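Examination of the molecular architecture
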Amino acid sequence: MPYGLDSKLGLSFQTSYGTALTSSMHWLEPINDSIGLKKAQITRQGMRGIYDEGAYQEGVNTVDGDITIEAKAIPLGVLLSATNLDAVVTSGTMYTHTFKPRTADWDSYSAERPFTYHKGMGDTGSAQLYADMNGNNLELSIANGELLTAKMGMIGGTYSQIAAIAASYSTGDALQWSVSSISIAGTARDNIKALTITQDNTLEAKHVLKATKYPSRVKRSGQRSISIAGTFLFDNQTDLQTFVSQAEQRLLLSLVTATQIQSGYYESFTVDVPSMRFTEMPQAISGVGEMEIGFSAKGVYNVGSACAITYTLVNTKAAY
């Protein structure tokens, strides 16, 4: 019986929707994974003089679930590239990747960049291979005393089995709370205990009348949204007054690795929400200790930035 420790999970970006690709795997180090094949059931409705439900037949096949990783600078770019558009600037051996939400679909079949997902269970059997997948949502979470984690929900796709592929992993430190900084409206903040930023691309697997039970495309079913939630120490009423007035302010989250990757250079990650609007800020009193306030907010599309969020990742990876 294999352990979760034995699993090998990797992602390879396809050159076209409909063609699986395993030659350029980006190997991920999962905390957990729930990707799997789902088979809907069609129940026959014809009445037959008995009180039991009718026989079952196989319906549409889809693949969905999510993967959570500790956010090292190179693997984090894989999840960002699966959910956004990447632009790269080179400076020596350092690469600055700027990820922004797409303003157009990847092609007529795939809203986001399609990829193939390899899931080796660590046993002697075949690995699971899920193709034509799309990154449906991305959640970034950090709290005091913890590492930054990234969770990507994915949707698609097709299913097959192959021989497990040998994995190789990138090096580098995970991004952690003690090398982070947060500012709101240009003012550095030292009272935020936890922060979660979620991008939801609102994708849906589409089935058509065709000789396959798998989706023929993955397309958008609604408007993209950016959600923010967190907890701060209630030092003063500044944020409360911003919530009351419904003013929109810029949120910046920045993290750097603790170890240099070359002399004078560090891997880094920045999340920029140019227009954040608080939507909930309940002032609950939960005990005798220092007051903490939870909040919810939205990232609003900013005309000047032409987006609602930008991710900037600096690492040694030339391209994804």
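Higher on the page you've got the structure.
Below you will find a few notes about this structure. Worth saying up front: this structure is predicted, and the values here are computed from it rather than measured. (Residues numbered from 1 in each chain as written. Predicted model: local features only at pLDDT ≥ 70, side-chain atom pairs only at ≥ 80, totals over all residues. Heavy atoms only, no water.)

This part is about the overall build of the chain. Of the regular secondary structure elements, the chain holds 2 helices and 21 strands. A globule of 320 residues ought to have a C-alpha radius of gyration of about 20 Å, and the chain, at 22 Å, matches this closely. Expressed along its principal axes, the backbone C-alpha trace of the chain runs to roughly 70 × 55 × 45 Å. Residue burial in the chain is summarised as follows: out of 320 residues, 42% are buried. Put simply, 70% of the contacts in the chain that link residues at least 6 apart link residues at least 24 apart. (Helix = DSSP H or I, 4+ residues; strand = E, 2+ residues; numbered from the N terminus. Rg over C-alpha atoms; globule rule 2.2 N^0.38 Å. Buried < 20%, exposed > 50% of the residue type's maximum accessible area, 1.4 Å probe, protein only. Contact = heavy atoms within 4.5 Å.)

Right, let's talk about the pattern of salt bridges for a bit. According to the stated counting rule, one finds 13 salt bridges in the structure shown. Arg102 is paired through a salt bridge with Glu112; the nearest N and O atoms lie 3.1 Å apart. Here Glu112 lies in the loop between β7 (94-100) and β8 (115-120) and Arg102 lies in the loop between β7 and β8, a separation of 10 residues in the sequence. Here Arg102 and Glu112 have matching classes, each one buried. (Salt bridge = Lys/Arg side-chain N within 4 Å of Asp/Glu carboxyl O.)

Further remarks concern helix α2 (residues 238-245). Looking at α2, one finds that the buried residues are Asp239, Leu240 and Thr242. Angularly, the buried residues of α2 cover 160° about the axis, an arc narrow enough to put them on a single face. Summarising the contacts, the buried residues of α2 are in contact with β13 (187-189), β17 (225-233), β18 (249-256) and β19 (268-280). A positive phi of about 60° marks Gln246, the residue just after α2. (Arc of directions from axis to C-beta.)

Before going further, it helps to examine the side chain of Gln199. Of note, Gln199 is situated in strand β14 (residues 192-200). Within the local environment of Gln199, its side chain forms a polar contact with the side chain of Tyr311, the two groups lying 2.8 Å apart. The contact partners of Gln199, leaving out residues within four places of it in the chain, are Thr83, Asn84, Pro101, Asn136, Asn137, Leu138, Arg224, Ser225, Ile226, Ile309 and Tyr311. (Polar contact = N/O pair within 3.5 Å; in protein donor to acceptor, adjacent residues only side chain to side chain.)

Right, let's talk about the environment of Gly46 for a bit. If you trace the backbone, Gly46 turns up in the loop between β4 (36-43) and β5 (56-70). Along the backbone, Gly46 and Leu140 are 94 residues apart, and their C-alpha atoms lie at a distance of 48 Å.

Where burial is concerned, most of helix α1 (residues 73-83) is hidden: 11 out of the 11 residues are buried. All of the buried residues along α1 are Ala73, Ile74, Pro75, Leu76, Gly77, Val78, Leu79, Leu80, Ser81, Ala82 and Thr83.

Bringing the layout of surface pockets into the picture now. Reported here for the largest pocket is a volume of approximately 230 Å³. Trp177, Ser180, Ile182, Ile192 and Lys193 are, among the 15 residues lining the largest pocket, the residues nearest its centre. Of all the secondary-structure elements, those providing two or more residues to the lining of the largest pocket are β9 (127-143), β12 (180-184) and β14. Ranked by residues supplied to the lining of the largest pocket, first place goes to β14 with 4 residues. Among the residues forming the lining of the largest pocket, the class breakdown is 8 nonpolar, 4 polar and 3 charged. (1 Å grid on protein atoms, 1.4 Å probe; cavity = no way out; pocket = protein on both sides within 12 Å on 5 of 7 lines; lining within 4 Å. Points joined across faces, edges and corners; volume = space filled by probe spheres on them. Nonpolar A, V, L, I, M, F, W, Y, C, P; charged D, E, K, R; others polar.)

This next bit is on the environment of Thr202. With respect to the element layout, Thr202 can be found in the loop between β14 and β15 (203-206). Each C-alpha atom, one on Thr202 and one on Asp123, is 35 Å from the other, the two residues being 79 residues apart in sequence. Beyond its immediate stretch of four places on either side in the chain, Thr202 contacts Asn136, Lys219, Arg220, Ser221, Gly222, Gln223 and Arg224. Here Gln223 takes part through its backbone oxygen, which lies 3.1 Å from a polar atom of the side chain of Thr202.

Another aspect to go through is the pairing of strand β6 (residues 85-91). The side chains of a regular strand alternate between both faces of the sheet. Bridge count for β6 against β7 is 7 bridges, and the pairing is antiparallel. Residue pairing across strands places Val88 opposite His97, the latter belonging to β7. Between β6 and β7, which follow one another and run antiparallel, lie 2 residues, and Gly92 among them has a positive phi close to 65°. (Pairing = 2+ DSSP bridges.)

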